[in-house]
Amino acid sequence: MGNSERVKPPWWLKPANKLFIGMSRLGLSFGGESPVVLTVRGRKSGRERSTPVTPMTVGGHQYLVAGFPGADWVANARAAGRARLARGRRVQTVRMVELPPGDARPILRAFPTEVPTGVGFMKRAGLVTEGRPEEFEALAGRCAVFRLDPV
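The sections below set out a description of the structure shown in this document. Quick caveat: nothing in here was measured; it's all calculated off a predicted structure. Along every chain, residues carry numbers that run from 1 in the direction the sequence is written. Only residues with pLDDT of at least 70 get local features here, since the model is predicted, and only at 80 or more are side-chain atom pairs given and counted; chain-wide, interface and lining totals rely on the full set of residues. No hydrogens and no water enter the side-chain calculation; it runs on all heavy atoms of the structure.

Description of the environment of R147
- With respect to the secondary-structure elements, R147 resides in strand β7 (residues 145-150).
- Only protein chains enter the area calculation, which uses a 1.4 Å probe; residues under 20% of their type maximum are buried, those over 50% are exposed, and those in between are partly exposed. Overall, R147 belongs to the partly exposed group, its relative accessible area being 22%.
- Spatially, the C-alpha atoms of R147 and T57 are 9.5 Å apart, while their sequence positions differ by 90 residues.
- When checking whether two residues touch, look at their non-hydrogen atoms; a contact exists if any pair is within 4.5 Å. Setting aside its immediate chain neighbours within four residues, R147 contacts H61, Q62, Y63, R95, M96, V97 and L99.
- A distance of 2.8 Å separates the side chain of R147 from the side chain of D149, its partner in a polar contact. By definition, any uninterrupted DSSP run of H or I lasting at least four residues is a helix, any uninterrupted run of E lasting at least two residues is a strand, and each is numbered from the N terminus. Here a polar contact means two N or O atoms within 3.5 Å. Within protein one must be a hydrogen donor candidate and the other an acceptor candidate, and residues neighboring in sequence count only if both atoms are side-chain atoms.

Have a look at this one:
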C-alpha cells in the first residue's frame, strides 16, 4: 500500500525530533500533548530508528498519521509491521496496520481536532492551507494512516 510520492522534510525536523525524543525520555511534554517515541526496525540497516509521534484515539482505537508523504518511519513501519511506543518509561509493542484510503478518511478528518499541534506542522509542510477537516480528509492516499493494535 502507499504512494511513492515524497515530500522533502523541513530542514529543522531532525534536530527537533532529537530534542522531542530527549524530552519524552525525561517525561516532559510539549505543545500540551504527551510525547510518544515510536521505535521501528530500519528496513535497510536493521537498526532501530526512533521518531516522536502523537497517536490519537478515534472510536476506541489508536492511530498514527504520517506528517508528510514519504516519511522514513512509514516505510520502516510498512516493512517491519510492528513497533514500540514509549511514553516516558512505559513501553508498548504494537502491530502497525496501514489503512486503505477509504478507511483513512474519517481518521484524517478527526486529525485537526485530535492532534492540534500537528496542524501547524502540516501547514508548514504545505499539505494543508487552512487546517480544516476536509483538507486533512483529502490527504487520504497521500499521508499514511496506521491503526496501532496492541501485541
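Moving on from the model shown.
Observations concerning the pairing of strand β6 (residues 90-98)
- Any two strands are treated as partners once DSSP identifies two or more bridges connecting them. As defined by bridge partners, strand β5 (residues 82-87) adjoins β6 across six bridges and the pair is classed as antiparallel. What sits directly across from A83, in β6, is V94.

Brief notes about helix α4 (residues 116-124)
- If you check which residues of α4 are buried, you get G118, V119, F121 and M122.
- Directly beyond the C-terminal end of α4, a positive phi value near 80° is found at G126.

Brief notes about the nonpolar core
- Think of a nonpolar core as a cluster: buried Ala, Val, Leu, Ile, Met, Phe, Trp, Tyr and Cys residues, connected wherever their side-chain atoms sit within 4.5 Å. Of all hydrophobic cores here, the largest spans 38 residues; its most connected members are W73, M96 and M122.
- For this core, the elements supplying multiple residues, two or more each, are β1 (36-41), β4 (61-65), α2 (72-80), β5, β6, α3 (101-114), α4 and β7.
- Looking at this core, the element that brings in the most residues is α3, giving five residues.
- If we ignore the near neighbours within four places in the chain, the residues touching M122 are V65, A66, G67, F111, L127, V128, F136, L139 and C143.

Shape descriptors only; they carry no functional weight alone.
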